[in-house]
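Chain by chain, the residues run as shown.
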Amino acid sequence: MSQFETPLFTGLVEHAKKNPVQFHIPGHKKGTGIDPEFREFIGDNALSIDLINIGPLDDLHSPKGIIKQAQELAAEAFGADHTFFSVQGTSGAIMTMVMTVCGPGDKIIVPRNVHKSVMSAIVFSGAIPVFIHPEIDENLGISHGITTESVARALDQHPDAKGVLVINPTYFGISADLRKIVEIAHSYDVPVLVDEAHGVHIHFHDDLPLSAMQAGADMAATSVHKLGGSMTQSSILNVREGLVSSKRVQSILSMLTTTSTSYLLLASLDVARKRLATEGRDLISKTISLAQSMRKRINEIDRLYCVGPEILKSKAAFDYDPTKLIISVKNLGIPGYEVEKWLRERHNIEVELSDLYNILCIVTPGDTEREADILINALRELAEECVEEAGKPEPLKVFLPDIPLLALTPRDAFYSETEVVPFEESEGRITAEFIMVYPPGIPIFIPGEIITKENLLYIQKNLEVGLPVQGPEDDQIKKIRVIKEYKAIK
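These figures come from a predicted structure and were not determined experimentally.

Cut-offs applied
- Residues numbered from 1 in each chain as written.
- Predicted model: local features only at pLDDT ≥ 70, side-chain atom pairs only at ≥ 80, totals over all residues.
- Heavy atoms only, no water.
- Helix = DSSP H or I, 4+ residues; strand = E, 2+ residues; numbered from the N terminus.
- Rg over C-alpha atoms; globule rule 2.2 N^0.38 Å.
- Buried < 20%, exposed > 50% of the residue type's maximum accessible area, 1.4 Å probe, protein only.
- Contact = heavy atoms within 4.5 Å.
- Areas by Shrake-Rupley, 256 points an atom, 1.4 Å probe, with all protein chains shown as cover.
- Lys, Arg positive; Asp, Glu negative; His and termini not counted.
- Charge placed at Lys NZ, Arg CZ, Asp CG, Glu CD.
- Pairing = 2+ DSSP bridges.
- Axes fitted to C-alpha atoms, helices over the stretch in contact; angles between N-to-C directions.
- Phe/Tyr/Trp six-rings, centres within 6.5 Å; stacked < 30°, edge-to-face > 60°.
- Lys NZ or Arg CZ within 6 Å of the ring centre and 35° of its normal.
- Salt bridge = Lys/Arg side-chain N within 4 Å of Asp/Glu carboxyl O.
- Parallel < 35°, antiparallel > 145°, perpendicular 65-115°, else oblique.
- Nonpolar A, V, L, I, M, F, W, Y, C, P; charged D, E, K, R; others polar.
- Patch = residues over 30% accessible without salt bridge, like charges linked within 9 Å, V, L, I, M, F, W, Y side chains within 5 Å.
- Left-handed = near helix turned anticlockwise from the far one by under 90°.

Comments concerning the overall build of the chain
Here's step 1: Within the chain one finds 15 helices and 20 strands.
Here's step 2: In summary, the chain has a C-alpha radius of gyration of 24 Å against a globular reference of 23 Å for 490 residues, a match within 12%.
Here's step 3: A principal-axis box enclosing the C-alpha atoms of the chain has dimensions of 70 × 60 × 50 Å.
Here's step 4: Taking all 490 residues of the chain together, 54% fall into the buried category.
Here's step 5: For the chain, contacts bridging at least 24 residues in sequence account for 73% of all contacts bridging at least 6.
Here's step 6: Approximately 21800 Å² of the chain is accessible, and the part contributed by carbon and sulfur atoms is 51%.
Here's step 7: A distance of 2 Å separates the average location of the 48 positive side-chain charges in the chain from that of its 67 negative side-chain charges.

Quick look at the sheet that holds strand β11 (residues 305–306)
Here's step 1: Taken together, the four strands give an open sheet; going across it, the order is β11-β13-β15-β14, and neighbouring strands pair in antiparallel fashion. The open sheet is flanked by β11 and β14 (353–354), the only strands paired with a single partner.
Here's step 2: Alignment of β11 against strand β13 (residues 324–328), held across two bridges, turns out to be antiparallel. Within β13, the residue paired with Tyr305 across the bridge is Ser328.
Here's step 3: Sitting on the sheet, helix α11 (residues 263–298) touches β11 and β13, and the angle it makes with β13 is about 10°.
Here's step 4: Where helix α12 (residues 336–347) meets the sheet, its contacts fall on β14 and β15 (358–362), and the angle it forms with β15 comes to roughly 50°.

Quick look at the packing of aromatic side chains
Here's step 1: Within this structure, the stated rule accounts for three aromatic pairs.
Here's step 2: Ring centres of Phe78 and Phe204 lie 5.2 Å apart, and the angle between their planes is 80°; on these two criteria the pair is classed as edge-to-face. Linking Phe78 in helix α4 (residues 66–78) with Phe204 in the loop between β8 (192–196) and β9 (219–222), this pair joins segments that are 126 residues apart in sequence.
Here's step 3: On the numbers, 6.4 Å between centres and 45° between planes, the contact of Tyr171 with Phe172 is tilted. Side by side, Tyr171 and Phe172 carry an identical accessibility label, which is buried.
Here's step 4: For Arg112, the ring lying beneath its charged end belongs to Phe131, and the centroid distance is 5.7 Å.

Remarks on the sheet that holds strand β17 (residues 435–437)
Here's step 1: The strand order β18-β17-β19 describes an open sheet built from three strands, whose pairing is antiparallel. Each having just a single partner strand, β18 (442–445) and β19 (469–470) make up the two edges of the open sheet.
Here's step 2: Of the pairings in the sheet, the one linking β17 to β19 comprises two bridges and is antiparallel in character. Bridging from a neighbouring strand, Met436 pairs with Gln470 of β19.
Here's step 3: Its contacts with the sheet put helix α15 (residues 453–464) on β17, β18 and β19, and the angle it makes with β18 is roughly 125°.

Observations concerning the pattern of salt bridges
Here's step 1: What the rule picks out here adds up to 19 salt bridges.
Here's step 2: Taking the shortest distance from any N to any O, the salt bridge between Glu72 and Lys68 comes out at 2.7 Å. Here the residue Glu72 and the residue Lys68 both occupy positions in helix α4, the gap between them amounting to four residues, near one helical turn.
Here's step 3: Put simply, Arg346 and Glu385 hold a salt bridge, and the shortest N to O gap is 2.5 Å. Taken together, the residues Arg346 in helix α12 and Glu385 in helix α13 (residues 369–390) connect sequence positions 39 residues apart.
Here's step 4: Judged by relative accessible area, Glu385 falls into the buried class, the value being 18%.
Here's step 5: Taken together, the shared-partner salt bridges in this structure form one network comprising Glu340, Arg344 and Glu350.

Section: unusual backbone geometry
Here's step 1: The omega angle of the peptide bond from Ile25 to Pro26 is 5°, so this bond is cis rather than trans.
Here's step 2: Relative to the elements of secondary structure, Pro26 occurs in the loop between α1 (7–17) and α2 (36–42).
Here's step 3: Residue Asn168 is joined to Pro169 through a cis peptide bond whose omega torsion reads -10°.
Here's step 4: On the secondary structure map, Pro169 appears in the loop between β6 (164–167) and β7 (174–175).

Observations concerning the pairing of β9
Regular strands place their side chains on alternate faces of the sheet.
Here's step 1: Every second residue of β9 is oriented toward a common face, with Met219 and Ala221 on one face and Ala220 and Thr222 on the other, all of them buried.
Here's step 2: Pairing geometry for β8 and β9, over four bridges, is parallel. The partner of Val194 across the bridge, within β9, is Ala220.
Here's step 3: In this structure, β9 lies alongside strand β10 (residues 235–239), joined through four bridges in antiparallel fashion. Residue pairing in the sheet places Met219 in a bridge with Val239 of β10.

Digging into the packing of α1 against α11
Here's step 1: Where α1 contacts α11, the axes come no closer than 7 Å and their chain directions differ by 130°. Of the possible angle classes, the one that applies to α1 and α11 is oblique. Each of Pro7, Leu8, Phe9 and Leu12 in α1 lies in contact with α11, whose residues at this interface are Tyr263, Leu266, Ala267, Asp270, Val271 and Arg273.
Here's step 2: Along the lines of polarity and charge, the residues of the contact of α1 with α11 split into eight nonpolar, no polar and two charged.

Examining a nonpolar patch on the surface
Here's step 1: A grouping of Phe38, Phe41 and Ile42 is seen on the molecular surface, where their side chains present a nonpolar patch of about 340 Å² in accessible area.
Here's step 2: What makes Ile42 partly exposed here is its relative accessible area of 35%.

Overview of the packing of helix α5 (residues 89–101) against helix α6 (residues 116–125)
Relative orientation and spacing of two packed helices are given, respectively, by the angle between their axes and the distance between those axes.
Here's step 1: Close contact between α5 and α6 brings their axes to 8 Å; oriented N to C, the two are set at 40°. In terms of orientation, α5 lies oblique with respect to α6. Crossing handedness for the pair α5 and α6: right-handed. Along the contact surface, α5 presents Ser91, Ile94, Met95, Val98 and Met99, while α6 presents Ser117, Val118, Ser120, Ala121, Ile122, Phe124 and Ser125.
Here's step 2: Its residues assigned to classes, the contact of α5 with α6 shows eight nonpolar, four polar and no charged.

This is how it looks when you write it as structure tokens:
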């Protein structure tokens, strides 16, 4: 088949044109049974292909027809041996990767700044994480990737590990030397799993970092919806045969996937793949050009700094994605979250994320010079306001706590007997729940780690500026669930 074909989307449209009488779910029956206001907004075309896995439309759990054809075209486009569509987002694909290679008691080497889905999979599988400290950028206050040296040391100490997980690129667009990491891991016959949530586009342009499949990785969970043009929640899992069994992948993915798979999401993956494969290079070239122009203009604004190729001085920053605009706002004297709120309230601009020191804006083929001008003019206005109001604003001091010590495996901690204690009295206890700022969803604490004063202070700082701290059962973060302690009877 040709990359210009869309077997899944085309098959759905042809089925809808036949207008069959439907005595099957979904119950809205092509929209006639749905709320009229919603139907008018969504449109009959979308509702006509919101279908279920009836015979002519194949089945994601055991594809033999149009879904199989669409997945084969995707595998060809991404240079994989097999590609699996995911309607559980990249989180579902990441959990599948971990659970494919790990069972109870198995070791997996992971950076500590992984997404919460990795840690969830470790809890589910009973695996034991061997953490590698990511390199910290003390100027920006963010974590980068892991170095080849740290991976080599980890494998030297734990040659029995069942996998090495790498983030490529990070949320902020920074990539490690993935090809070298793959070479090191493969010398131990250990598969490399890649969280490629923020890198679907990198496979389709030579001026971007190497993709997981180009670097020889064994599995890659890739968010097509984030930067590749498919609908939210739709992702893919690319697999290279050898150290990993595709049949095992299919079994695990099926266990984690709803049986009521969304054909709207699946069709959007099919058409996104076609566009990336046939037009991707040209579209991404224009996107890179726009982003570089925006970067230059932002760096002309007093007290703002937009990261460029100079970031590559660090060992963990081997390459970077210029379509991610990391904008350091600490010299304005206000936290990134305040900048996010100001842009929303004053200019109706929404950014990808903010933290204590930065905002992150992503540029995609959906952006034009118009949107670029709106953002640049708003940032210029903000910088002028900050200087007028505060004279010369005092730059914020970057504070990042150490990674806590792991006292219990995440699974043991999660399923242990627990108790709830006040936030301010939890120092020294072992946490039984996740605490993170989302986005990006990188945990400050995971179950099994020892709570430190530094980390409590960091959580408090995030709460004070209004950042979305998530995870604990107590959404006010006044209490934390910890492992129960039994004191000696007097």
